[in-house]
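# Coordinates in review
Chain by chain, the residues:
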Amino acid sequence: MKNVTIRRATGEDAASLTELMHASGAYRGRYASIIAGYRVTADYVARHQVFVADGEHGELLGFYGLVLDPPELDLAFVADPAQGTGIGRRLVRHMLARARAAGLTGVRVVAHPPATDFYRRLGAQRTGTVAPTPPKVTWERPELRFDTA
């Protein structure tokens, strides 16, 4: 996808980020409970490294939230119509560059199970499994790590 801009999110983006997240087809059905009621807030955007990918007409294509301490890719979403266009890959590469710039040697990812192969293709290594945390999360999640050094 051409003419994509990755920029730092602002508090004004919070509602749009929440909307994109809740519209995600990857979190329907069995996985819906994990994001039910979750909101990206202006405070979250201010406290963490949150970046958005905008299309050439200003449309929101995706975003990520990188927590620096402890280092973790906390949120990563690509709008359903933009999936398969390279936006997710660009966002992850951007996140890794930000992590390196912050002096991080690695970034943890507790992956949405269907996204595991995506992260592995981008270089993440499986480090374990995170146990379910009912009632919201009733399934195991793969734990991965990107090395940034």
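To be clear, the structure that these remarks concern was listed above.
Quick caveat: nothing in here was measured; it's all calculated off a predicted structure.

### Structural notes on the overall build of the chain
Of the regular secondary structure elements, the chain holds four helices and seven strands. Scanning the chain from its N terminus toward the C terminus, one meets helices and strands in the order β-α-α-β-β-β-α-β-α-β-β. Scaling as 2.2 N^0.38, a compact globule of 149 residues should have a C-alpha radius of gyration of about 15 Å, and the chain matches this with 15 Å. Expressed as lengths along the three principal axes of its C-alpha atoms, the size of the chain is roughly 40 × 35 × 30 Å. The buried share of the chain, reckoned over its 149 residues, is 44%. Entry remark: accessible area of the chain is about 7,900 Å², with carbon and sulfur atoms responsible for 50%.

### Here's the deal with unusual backbone geometry
Here the bond from Asp-69 into Pro-70 is cis, since omega is -5°, no more than 30 degrees from zero. With respect to the secondary-structure elements, Pro-70 resides in the loop between strand S3 (60-68) and strand S4 (71-78).

### Focus on the side chain of Asp-54
Here Asp-54 is to be found in strand S2 (residues 49-54). Overall, the relative accessible area of 11% leaves Asp-54 in the buried class. What Asp-54 contacts, discounting residues up to four positions off in sequence, is Asn-3, Val-4, Thr-5, Arg-7, Glu-59, Leu-60 and Leu-61.

### Some thoughts on the packing of aromatic side chains
For the coordinates displayed, the defined rule picks out six aromatic pairs. By the ring-pair criterion, three or more aromatic residues cluster together here, those being Tyr-27, Phe-63 and Phe-77.

### Section: helix H3 (residues 87-101)
Helix length check: H3, at 15 residues, gives a terminal C-alpha distance of 21 Å against a target of 21 Å (1.5 Å per residue), a fit within 8%. Taken as a whole, H3 has its buried residues at Ile-87, Gly-88, Leu-91, Val-92, Met-95, Leu-96 and Ala-99. One or two residues past the end of H3 sits Gly-103, with phi positive at roughly 85°.

### A short note on helix H1 (residues 14-22)
Of all the positions in H1, only Ala-14, Leu-17, Thr-18, Leu-20 and Met-21 are classed as buried. For H1, the angular spread of the buried residues around the axis is 160°, confining them to a single face. Structural note: H1 exposes Ala-15 and Glu-19 on the side pointing more than 90 degrees away from its buried face. Against the buried residues of H1 lie helix H2 (42-47), S2, S3 and S4.

### Things to note about the nonpolar core
Counting 44 residues, the largest nonpolar core has Phe-63, Met-95, Tyr-119 and Phe-146 as its most contacted members. Elements with a minimum of two residues in this core: H1, H2, S2, S3, S4, H3, strand S5 (106-110) and strand S7 (141-147). Examining the composition of this core, we find that six residues originate from one element, H3, more than from any other. With residues near it in sequence (within four places) discarded, Met-95 still touches Tyr-64, Leu-66, Leu-73, Val-107 and Phe-146.

### Description of the environment of Thr-10
Considering the arrangement of structural elements, one finds Thr-10 in the loop between strand S1 (5-8) and H1. A residue is classified by how much of its surface remains accessible, and Thr-10, at 38% relative accessible area, is partly exposed. With 42 residues separating them along the chain, Thr-10 and Val-52 place their C-alpha atoms 9.4 Å apart.

Rules used in this analysis
- Residues numbered from 1 in each chain as written.
- Predicted model: local features only at pLDDT ≥ 70, side-chain atom pairs only at ≥ 80, totals over all residues.
- Heavy atoms only, no water.
- Helix = DSSP H or I, 4+ residues; strand = E, 2+ residues; numbered from the N terminus.
- Rg over C-alpha atoms; globule rule 2.2 N^0.38 Å.
- Buried < 20%, exposed > 50% of the residue type's maximum accessible area, 1.4 Å probe, protein only.
- Areas by Shrake-Rupley, 256 points an atom, 1.4 Å probe, with all protein chains shown as cover.
- Contact = heavy atoms within 4.5 Å.
- Phe/Tyr/Trp six-rings, centres within 6.5 Å; stacked < 30°, edge-to-face > 60°.
- Expected span 1.5 Å × (residues − 1).
- Arc of directions from axis to C-beta.
- Core = buried A, V, L, I, M, F, W, Y, C linked by side-chain atoms within 4.5 Å.

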